[in-house]
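A look at the structure
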Amino acid sequence: MPNQPTRATLQSASEQAAAALAAMPLRPEVVSCPLCSRQFLTYSELSEHYAADHADSVAPAAITLNVNGKTCELIIEPYLTLKQVLQFHLGLIGAKEMCDRGACGSCTVIINGKPALSCNLLAAECEGKSIETVEGIAVNPRWRPLIDQYCKWDAMQCGYCTPGFLVSAKALLDRNPTPTEYEINDALSGNICICGTQPRHSQAILEAVKLMAAEVSENG
Amino acid sequence: MRPFNHINANSLDTASELVKSGGAVAIAGGGDLLPALKDNIFPEYPKIVVNLKSIPGLDYITLDGDTLKIGALATLADIARSPLVQANAPILARAAGSASSPSLRETTTIGGNVCQLPRCWYFRKLNNRFDCSRKGGGQCFAIMGDNRYHSVFGGAGFNTDAGEKRTCIAVNQSELAPVLNVLTAKFVTTGRVIGNLDFFGVGVLTTTVLNRGELLKEIQIPLTDFAKNSRYKRFAFRKSIDFPVINLAIAVNSDRSQYHICLGGVAPTPYIALKAEELLNGKTITPELAEAAGIAAAEGAKPFEANAYKVQLIKTLVKRELLTMT
Amino acid sequence: MADLLGANGTREKFRVVGKPNIPGLTSYALATGVAKFGADYIAPDMLFAKILRSPYAHARVLNVDFSEALKIPGVVDVIFWTDPIFKGIAPNPIGGAAGDYLRNEAHHEGAEVAAVVVAESEGLCDEALNALKVDWEQLPFIVDIEKGSDPALPAIRGPEYDESGTYGPPMTTADGIAWMATHYPDDPRKQGNVGWSTKTEGDMEAGWKAADFTLEYDVNLHDVVSLLPNPQASVAWWTENAYKSGETLRIEGAVGRRGAVATMYGLPNDNVIQEGVFQGGKYCDWGLRMAQEITPLLSKKLGRPVRCCNTREENFDMCVNERRAHVKLGVTNEGLITAVDDSSLIDHGAPNSSEMTVYDRDWNGYYTLKCENITQLYTVVDSNRGFMHTCGQFVPYSWDMITVGLYLIAEKFGKDPTEIARLNLHGPDSQRDLNLVPSFEKCLEEGKKEMNWNWHAAGTKRLPDGRLHGASFRYQMCPRHAFLSYFTKLEYRGGVVHFPTQGPVAGWFGTECFTMIAAEELGLNFEDIVVDYDYRAEHTDEAGGSDGVTGHGWIVKECANLLKKRILEAVIADTLVTTSRFGPMEFPKAPSPFAGYSAEDLDLMNGCVIVKAKPEISVPLAQACTATVTADYGGNSPKSAWATQFGRKLDTMNTSWCEVAVDIETGEVEILKYLVVADVGKVIRRTSLESQIDQVVFFSQGAQLLEEYILDPATGVKLNANMLDYRRPTTLDVPLVSKDILETRAGDGAYGASGISHNLANSHLIITAIHNATGVWVDPPATPDRMIAALAKGGKL
C-alpha cells in the first residue's frame with residue numbers, strides 16, 4: 001500500500017511529524033567519508049583521512065544544531081544550507097525549496113523566535129541557535145487551531161508553499177497574538193503561493209486567532 | 001552551490017587578513033553573497049567563506065552622545081524595531097523595515113545592505129554568463145541590451161586591477177544608502193573613517209571604495225536636526241520582496257538653510273540631487289517650488305532606450321515628498 | 001435543470017454536497033509539511049545528478065572535455081548524449097521529447113543538452129558542471145517573433161525537429177501533408193520557421209456588407225511563465241519485485257499519470273512503483289521535466305538510487321506563449337458585430353512545445369457572438385524563446401479580443417459595454433438563437449448591483465485624490481472539464497465504501513468533490529468514504545479545474561448509484577440465505593428485516609439500509625450488507641457543450657468586473673474593486689470555488705500588472721528567470737476579490753454543476769479598465785514603466 005495517508009487528519013499528520021522528529025539522528029550513525037564512503041570511528045579520523053586522501057576537497061565540519069528542542073551532532077559540508085541539512089541530514093522535509101534565493105518564503109523556519117529563510121543560511125552558522133520547523137509546530141497542541149483553520153478554509157491548493165506560510169503565521173502570532181488583517185498580510189508578504197491562495201491566509205489565521213483566544217480564556 | 005571552506009572569524013582583523021590574502025570572501029547576513037554563490041557569478045569562485053557573525057559585539061545599536069552608532073552586523077529587522085533608531089533617525093527605521101521581506105530582514109545586515117553588489121541582470125546571470133565590465137570583463141551588456149532598470153545618469157567609469165578603463169550602467173539599489181547619505185553618516189572600517197559622500201563607489205565586484213580585505217565595522221549617524229525632519233520613499237513594482245526601483249531620502253535642517261536629497265536606483269552610486277538642493281536651500285516648500293525641485297532633481301538625466309520612466313518618477317517622487325514637508 | 005439524463009440530477013435536498021469547510025483529504029499532511037513531493041524523497045546511498053544547460057539561445061555541443069570534472073573526488077560519472085542508455089526511450093505520453101532522449105542541440109537558453117553529471121552531492125554536481133569544457137557551436141536564433149515571422153528566413157531547426165502536427169503526423173512529412181489536407185484543407189504549408197493556420201466560417205463578404213463601419217484594434221498577449229511551485233525532481237532506483245517477475249522501477253517525483261513512466265521505459269505498469277501522490281501545482285503544464293524522467297536511466301547505469309532536481313531557473317518554462325492579434329470587426333450602427341477578422345502572430349517556442357496551430361483555434365470566444373462570419377489566420381513562428389509543455393490554455397481562446405472589441409464598440413457609441421454585450425451574445429442553443437442566456441442575465445444583473453455600476457466614457461472620471469478612475473466588464477462561459485472520457489470505480493468491502501484513486505494531488509480538490517457526490521448518493525457522510533490513494537488505481541482527476549471536474553463528477557454520481565443498486569441487491573440476496581456458516585457448522589440465520597422486499601423497495605440513508613415505505617425498518621449498512629460489491633463507470637457525461645460546441649452553445653456563464661485607479665504621474669495602477677459573479681450551476685464544495693476564483697484573479701493580476709518574461713534581444717538569454725525579477729503578486733499586492741456564486745443548475749455536470757475552471761484568467765479586464773481610466777491602451781503587463789511610456793506616447797503626461 002502507498003505510504004501516503006489515505007485521509008490525513010490533524011491527529012495523523014501530527015503523529016507523522018512527531019515520528020519525523022523522533023527519527024532525527026542525535027549523531028551520525030556512522031562516520032563515513034562523503035566522497036569515498038570509507039568509514040571511521042570518529043570525526044577526527046575522518047578529518048585526517050581528508051587531509052591525507054582528499055586534500056583538495058572541502059572537508060566536512062562537525063557541528064551541533066538545536067532543532068525543535070533536540071540537540072543533534074552532525075558532520076556536514078560547510079557549504080550546505082540549513083534547508084539542505086534539515087532534509088538530507090535530519091530528515092525534516094517541511095521546509096521546502098522553491099526559489100532557493102530568499103524570494104519566496106517556502107523554506108521559512110523560526111530561529112531564536114524570529115522567522116528566517118533556511119535556504120539563505122549556512123547550517124554551519126546556525127550553531128547555538130534554537131531552530132524551530134513546521135514539524136515542531138505540528139506536534140504542539142497549542143497550534144492545532146491554526147493548522148485546523150488552514151485546512152478548513154483551503155488556505156492551500158497544491159500545498160507546496162503552505163508549511164512556509166504556516167511557519168510565518170506562527171512566528172507572527174508568537175509576537176502578536178491578535179493581529180489585524182493588514183498585519184497578517186504584511187507578515188506573510190515574503191511568502192509566495194503560486195496557486196494564488198494569498199487572500200485566503202488572513203481568513204484562516206483570523207479564525208484561528210478567535211479559537212485560540214477562546215481556548216486561552218477557557219483554560220483560565 | 002559549489003563547495004567552499006568555511007571559517008568562523010573571531011576578530012575583524014583575522015577576517016580582514018583572510019580576505020586580503022585572496023580566495024576568500026566575508027559573509028554577514030548572506031542575503032547578497034549566498035545567492036551570488038548559488039548563481040556562480042564570480043569569475044573566481046571563493047575557496048573560503050569567512051563568517052563575520054562569529055565575531056562578538058558587532059550588531060549593536062547604541063546612542064553615544066549625539067551619535068547613533070550601529071554595528072555593521074545589526075540586522076535590518078533589529079534596526080527597524082529599535083526604539084533608539086525610531087526616535088532619533090526615523091527614516092532609517094523605515095527604510096530598514098521596508099527592505100526585501102519580513103523574514104529576510106531578520107538575518108540581513110546594514111553592512112551587507114550598503115555593500116551589496118549590483119542587481120543588474122547581466123551581472124547576475126547564472127554561471128558568469130556575461131563576463132561584464134563589473135567583473136573585469138570588457139563590456140557593459142546593458143548599454144545595448146535591456147536597460148529598463150539601469151542608470152539614467154550615465155555610466156560609471158572605473159579601472160580594473162590591471163588599470164584598464166571600464167564602464168558600467170548598473171545602479172546602486174541599496175535600501176539604506178540614500179538615507180545614510182542625507183543623514184551624513186560616517187562609515188567606520190577596519191582601517192579608516194569614510195564620509196557619506198566618499199563611501200560609495202564603482203569598481204570590479206564592489207559598490208564601495210573599500211579595499212580588498214577592508215571590512216565595515218560601524219556606521220555612525222550624527223543626530224543633527226536633519227535626522228528630525230526627513231522623509232523616505234521607495235518605489236517598487238511589488239509591495240514586498242522587491243528591491244526598490246527608485247528610492248529617495250530627503251532631509252532638511254531646522255532653519256531650512258540646507259536640504260539633502262539623495263536617490264537610489266538612478267545612477268551607479270547613490271545620486272545626490274545637487275541642483276534640487278541648491279534650488280531649495282533657504283526656502284519653504286510651496287507647490288511650485290516642489291515641482292521645480294522635482295524637475296531640477298532630474299536635470300541632466302540621459303535615459304537609455306527603456307528607462308525614461310525613471311525620469312518621470314524622479315520628478316514626481318521628489319515633488320510629492322517635498323509637498324509633505326511644507 | 002440540466003442534469004436530466006442521469007440519476008438524481010434534479011435532487012433538491014443535499015446533505016453533503018455544498019457543505020462548507022470540509023478540509024481537503026490531504027490538507028493536514030500538506031499544512032504540517034509531512035506530505036512528500038518529488039524533491040523531498042531520499043533513498044539510502046543516493047547519488048545526485050544534474051543536467052548540463054545551454055547558455056545560448058540556440059547552440060550545438062560539438063565536444064565536451066570532461067577530464068577535469070572526473071578528477072574531482074566524489075564525481076561519479078559524466079554521461080553524454082551519445083551514450084546508449086539514451087536510445088530507445090519512448091516519448092512520455094503526457095508530453096515529452098520524441099526520438100533521442102538527450103540531444104546535443106539546445107533550442108533555448110537553459111535547455112537541457114548533451115551531458116549529465118552524477119556525483120555524491122549536489123554541490124559536487126555543480127562543481128563538475130563548472131569543470132566541463134564544452135565546445136559550443138552557436139546557431140542562429142529567433143526571440144522576436146515579429147522579426148522571425150519572415151518566411152524567407154532560414155529555418156532555425158532541421159526537419160528532425162518538426163513536430164508541428166502534434167495532433168497528427170509532422171506537417172512536413174508526406175503523411176503530415178496528407179493529414180493536414182484532410183483535416184485543415186485551407187492551411188498553407190510551413191515555410192522556413194513560419195506555419196499558418198486559417199479558418200473561415202460564414203459569409204465574410206455578406207458580413208462586411210452588413211456592417212456600417214469597421215473597427216480595427218490590436219490585442220497583445222504576452223507570454224507567462226509556468227506556474228510550478230515545486231522544483232521538478234525525481235528519485236529512482238531498481239528493485240526486485242515482490243509480487244511480479246522482472247525488474248521493477250521505483251520512481252518518486254514523476255507524478256503525472258499512471259503508466260507514463262512505464263510507457264517511456266517499456267515496462268508493464270505493475271513493474272513501476274510510484275507511491276508519492278503530491279504533484280505540486282500544475283496549470284495546464286502536463287509534461288514532465290527531464291529531471292523527472294531521467295533518473296531511471298542513470299540509476300540503471302550506476303547501480304545506485306539517483307536524484308535529479310531542477311532549480312527554479314531550470315523550471316522557468318512557459319505556460320502561455322505570446323500572441324499578437326490584429327482584429328477587424330464589421331459593426332452596424334446599432335453596435336451589432338457582423339464580421340470578425342482575426343490575424344494573429346503566435347510564438348511556437350522551442351521544439352515539442354504545445355501546438356498552437358490548427359487544433360486550438362476552435363476553443364474560442366468568437367463563437368459566443370451572434371455573428372457567424374468569422375475568419376481567422378494564425379501565423380505561427382518557431383522560436384528560441386523557451387519551451388512550453390503540454391499547455392496552451394489561454395492564448396487561442398480569443399476571449400480578450402471579444403472583451404476589448406465590445407468595449408471599443410461601446411466607447412464609440414458612448415454606451416454601456418454591458419448593453420453591447422447583451423446585443424451581441426447569442427442564446428443558449430446556437431449562434432442563431434436570439435434569446436439571452438438566462439445565466440448571463442443573472443450574472444449581469446448581480447454584477448451591476450454589486451458594483452453599483454455606473455458607466456463612464458474613457459478618461460472622464462477623476463477620484464478625489466486626483467487619480468483617474470476606470471471600470472471594465474467582461475463575460476465568459478464557465479467551461480467545465482467534460483471533454484474527456486472519465487473512469488471511476490467504487491468498492492464496498494468490509495462494510496466500508498472505498499474510492500481508489502491514483503491522484504495526483506495537485507490542488508484542485510477534485511477527489512474531495514467526487515467523494516462528496518458519492519457520499520450524497522450513497523446516503524453516507526463525507527468521512528464515511530475511504531479514499532485510497534494508490535498509484536495502481538485507474539481513477540485520476542487530472543482534468544483539473546477546482547470544482548470544475550464536473551464532467552467527471554457526473555460519472556462519479558452514476559457510479560455511486562450503480563454501487564448503491566448492487567449493494568441493495570446484495571442485501572436482498574442475503575435475505576434468501578437462511579443459514580450462516582460458522583466453521584464447518586451451519587446455523588439457522590435470524591430472518592432479515594428486509595425479507596420479502598425487493599432491492600427497489602430499499603434505500604440507503606444516513607449510513608443505514610432502510611425500507612423506503614417504512615423508514616423505521618433500518619439496519620446499519622455494514623450489518624445489512626456483508627458482501628463485497630464493486631461498481632465502475634466510464635465514459636463521457638451525456639451533455640458536454642464545451643467539448644463539442646466551443647461556445648456555440650451556452651449554459652452557465654460568468655461576469656467579471658474591475659475598478660482601477662491610475663496615478664498618471666507614477667504609472668501606478670491600483671485595483672479598487674474586483675468582482676467575479678459566477679454561475680457555477682451547483683456548488684459542490686464552496687471553498688474550492690472561492691479558491692479557484694482567487695487563483696484566476698491572481699493569475700490575471702500577475703499577467704496584467706506584473707509578470708513579464710524578459711529575454712536579452714542580443715543573446716536570447718532569459719534575464720529574469722528567477723522569483724525575484726519575475727514578479728508574482730505578494731499578499732500585499734493581491735486585491736480583495738468579491739465573489740458572488742450563483743446556482744442555476746444549468747451546467748452539464750452532476751446536479752447541473754459546471755464549476756469555474758480557469759478561463760476566468762488572463763482576460764484584458766484590468767487593461768480595459770486602465771483604458772477606461774486614461775484613454776490609453778497599454779500592452780500587458782501594465783507595470784509603471786510601461787504605463788508611463790504608454791501615457792507619454794498617448795500625450796497624457
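Residues numbered from 1 in each chain as written. Chains lettered and ligands numbered in written order. Predicted model: local features only at pLDDT ≥ 70, side-chain atom pairs only at ≥ 80, totals over all residues. Heavy atoms only, no water.

All right, on to the interface of chain B and chain A then. Counting residues at the interface gives 29 residues for chain B and 27 residues for chain A. Overall, the association of chain B and chain A removes approximately 2300 Å² of surface from exposure, summing both partners, and the carbon and sulfur fraction of that is 57%. Ranking the residues of chain B by area buried against chain A places Lys38, Ser103 and Ile241 of chain B at the top, with a combined share of 24%. Scanning the region where chain B abuts chain A turns up four salt bridges. A salt bridge links Asp39 of chain B to Arg101 of chain A, with the shortest nitrogen-to-oxygen separation between them at 2.6 Å. One can count seven residue pairs in polar contact (both at pLDDT 80 or more) joining chain B with chain A. (Contact = heavy atoms within 4.5 Å. Buried area = accessible area lost by both parts, 1.4 Å probe. Salt bridge = Lys/Arg side-chain N within 4 Å of Asp/Glu carboxyl O. Polar contact = N/O pair within 3.5 Å; in protein donor to acceptor, adjacent residues only side chain to side chain.)

Our focus in this paragraph is the sheet that holds strand E21 (residues 530–533) of chain C. Residue and element names in this part refer to chain C. Across the sheet, which stays open at both edges, the four strands sit in the order E21-E20-E19-E27 with mixed pairing between neighbours. The outermost strands of the open sheet, each flanked by one partner alone, are E21 and strand E27 (629–635). Across the sheet, the mean angle from the axis of one strand to that of its neighbour is 25°, orientation sign disregarded. Pairing of strand E20 (residues 496–501) with E21, which is carried by four bridges, proceeds in the parallel orientation. The partner of Phe499 across the bridge, within E21, is Val531. Across the sheet, helix H13 (residues 510–521) lies against strand E19 (486–493), E20 and E21, angled at about 150° from E20, the strand it touches most. Packing against the sheet, helix H14 (residues 550–575) makes contact with E19, E20 and E27, and its axis sits at approximately 150° to E27. (Pairing = 2+ DSSP bridges. Helix = DSSP H or I, 4+ residues; strand = E, 2+ residues; numbered from the N terminus. Axes fitted to C-alpha atoms, helices over the stretch in contact; angles between N-to-C directions.)

Next up on the list: empty space enclosed by the protein. Inspection of the entire model under this criterion finds 19 cavities of 30 Å³ or more. When its volume is computed, the largest cavity comes out at roughly 210 Å³. As for the largest cavity, its lining consists of 14 residues, of which Arg119, Tyr149 and Gln173 of chain B together with Asp725 and Arg727 of chain C are closest to the centre. The residue inventory of the lining of the largest cavity, partitioned by class, reads eight nonpolar, two polar and four charged. (1 Å grid on protein atoms, 1.4 Å probe; cavity = no way out; pocket = protein on both sides within 12 Å on 5 of 7 lines; lining within 4 Å. Points joined across faces, edges and corners; volume = space filled by probe spheres on them. Nonpolar A, V, L, I, M, F, W, Y, C, P; charged D, E, K, R; others polar.)

Here we take up the interface of chain A and chain C. Between chain A and chain C, the contact holds 60 residues from the first and 74 residues from the second. Overall, the association of chain A and chain C removes approximately 5800 Å² of surface from exposure, summing both partners, and the carbon and sulfur fraction of that is 60%. Our count for the contact surface shared by chain A and chain C stands at four salt bridges. Residue Asp154 of chain A pairs with Arg685 of chain C through a salt bridge whose shortest N-O separation is 2.7 Å. Taken together, chain A and chain C are joined by 16 residue pairs in polar contact (both at pLDDT 80 or more). Mapped onto the side of chain A that touches chain C, the elements with two or more residues apiece are helix H1 (10–22), helix H3 (82–88), helix H4 (134–138), helix H5 (144–152), helix H6 (162–175), helix H7 (181–187) and helix H8 (198–218) of chain A.

Model confidence for chain B is summarised by a mean pLDDT of 97, while 100% of its residues fall at 70 or above. Both scores are given for the predicted complex: the pTM is 0.96, the ipTM 0.97. (pLDDT = per-residue confidence, 0-100.)

Moving on to helix H19 (residues 784–793) of chain C. Residues of H19 of chain C that are buried include every one of Pro784, Asp785, Met787, Ile788, Ala790 and Leu791 of chain C, and no others. One or two residues past the end of H19 of chain C sits Gly795 of chain C, with phi positive at roughly 70°. (Buried < 20%, exposed > 50% of the residue type's maximum accessible area, 1.4 Å probe, protein only.)

Moving on, we come to a nonpolar patch on the surface. All names here are of chain C. On the surface, Phe582, Met585 and Phe587 cluster together to form a nonpolar patch covering roughly 340 Å² of accessible area. Looking at the secondary structure, you find Met585 in strand E23 (residues 585–588). Overall, Met585 belongs to the partly exposed group, its relative accessible area being 48%. (Patch = residues over 30% accessible without salt bridge, like charges linked within 9 Å, V, L, I, M, F, W, Y side chains within 5 Å. Areas by Shrake-Rupley, 256 points an atom, 1.4 Å probe, with all protein chains shown as cover.)

Cis rather than trans, the peptide bond between Gly503 of chain C and Pro504 of chain C has omega equal to -5°. Secondary-structure assignment places Pro504 of chain C in the loop between E20 and H13. In this model, Pro780 of chain C is joined to Pro781 of chain C through a cis peptide bond whose omega is 0°. Within the element layout of this structure, Pro781 of chain C appears in the loop between helix H18 (765–774) and H19. For Asp100 of chain A, which is not glycine, the phi dihedral falls at a positive 60°. Secondary-structure assignment places Asp100 of chain A in the loop between H3 and strand E5 (108–111).

Right, let's talk about the pairing of E20 of chain C for a bit. Residue and element names in this part refer to chain C. When you tally the buried positions in E20, you get five out of six residues, the bulk of the element. Summarising the sheet, E19 and E20 pair through three bridges and their orientation is antiparallel. Within the sheet, the bridge partner assigned to Glu491 lies in E20 and is His498. Turn length for the E19-E20 hairpin, with the two strands adjacent in sequence and antiparallel, is two residues, and the turn residue Gly494 shows positive phi of about 60°. The parallel pair E20 and E21 is bridged by H13, and the resulting crossover is right-handed. (Right-handed = clockwise from strand over helix to strand, strands pointing away.)

For the rest of this paragraph, the subject is the packing of helix H11 (residues 417–424) of chain C against helix H12 (residues 438–451) of chain C. Residues and elements named next belong to chain C. Axis separation between H11 and H12 bottoms out at 12 Å; the angle between their running directions is 175°. One element, H11, and the other, H12, form an angle in the roughly antiparallel class. Residues Thr418, Glu419, Ala421 and Arg422 of H11 touch H12, and the partners they reach there are Phe440, Glu441, Leu444 and Lys448. (Parallel < 35°, antiparallel > 145°, perpendicular 65-115°, else oblique.)

All names here are of chain B. When strand E4 (residues 61–64) meets strand E5 (residues 67–71), the two strands line up antiparallel, connected through four bridges. The residue of E5 that forms the bridge with Asp64 is Thr67. Connecting E4 to the next strand, E5, in antiparallel fashion are two residues, including Gly65 with a positive phi near 60°.

Let us look at the nonpolar core. The tendency in soluble globular proteins is for nonpolar side chains to be buried side by side. Counting residues in each nonpolar core, the largest one holds 189 residues, and the members touching the most others are Ile314 and Leu322 of chain B together with Ile294, Val660 and Ile770 of chain C. If sequence neighbours within four positions are ignored, Ile770 of chain C has contacts with Val660, Val662, Val669, Leu705, Gly775, Val776, Val778, Ala782 and Met787 of chain C. If you look at the next biggest cluster of nonpolar residues, it comprises 120 residues, including Leu30, Ala518, Val629 and Ala721 of chain C. (Core = buried A, V, L, I, M, F, W, Y, C linked by side-chain atoms within 4.5 Å.)

All names here are of chain C. Residues of H11 that are buried: Pro417, Thr418, Ile420, Ala421 and Asn424. Down the axis of H11, the buried set is contained in an arc of 160°. They therefore lie on one face. The N-terminus of H11 is capped by Asp416, whose side-chain oxygen sits 2.8 Å from the backbone nitrogen of Thr418. (Arc of directions from axis to C-beta.)

Now for the packing of aromatic side chains. For any two aromatic rings, the description comes down to two numbers: the centre-to-centre distance and the angle of the planes. All names here are of chain C. One pass over the structure, following the stated rule, counts 27 aromatic pairs over all chains. Between Tyr407 and Trp455 the ring centres are 5.8 Å apart and the planes differ by 80°, which places this aromatic pair in the edge-to-face class. Taken together, the residues Tyr407 in helix H10 (residues 399–413) and Trp455 in the loop between H12 and strand E18 (468–477) connect sequence positions 48 residues apart. Taken individually, Tyr407 and Trp455 each receive the classification buried, so the pair is uniform in this respect. The interplanar angle of 70° and the centroid separation of 6.3 Å between the aromatic rings of Trp554 and Tyr633 together place this pair among those described as edge-to-face. Separated by 79 residues along the polypeptide, Trp554 in helix H14 and Tyr633 in strand E27 bring together distant segments of the chain. Here Trp554 falls in the buried class, since its relative accessible area comes to 6%. (Phe/Tyr/Trp six-rings, centres within 6.5 Å; stacked < 30°, edge-to-face > 60°.)

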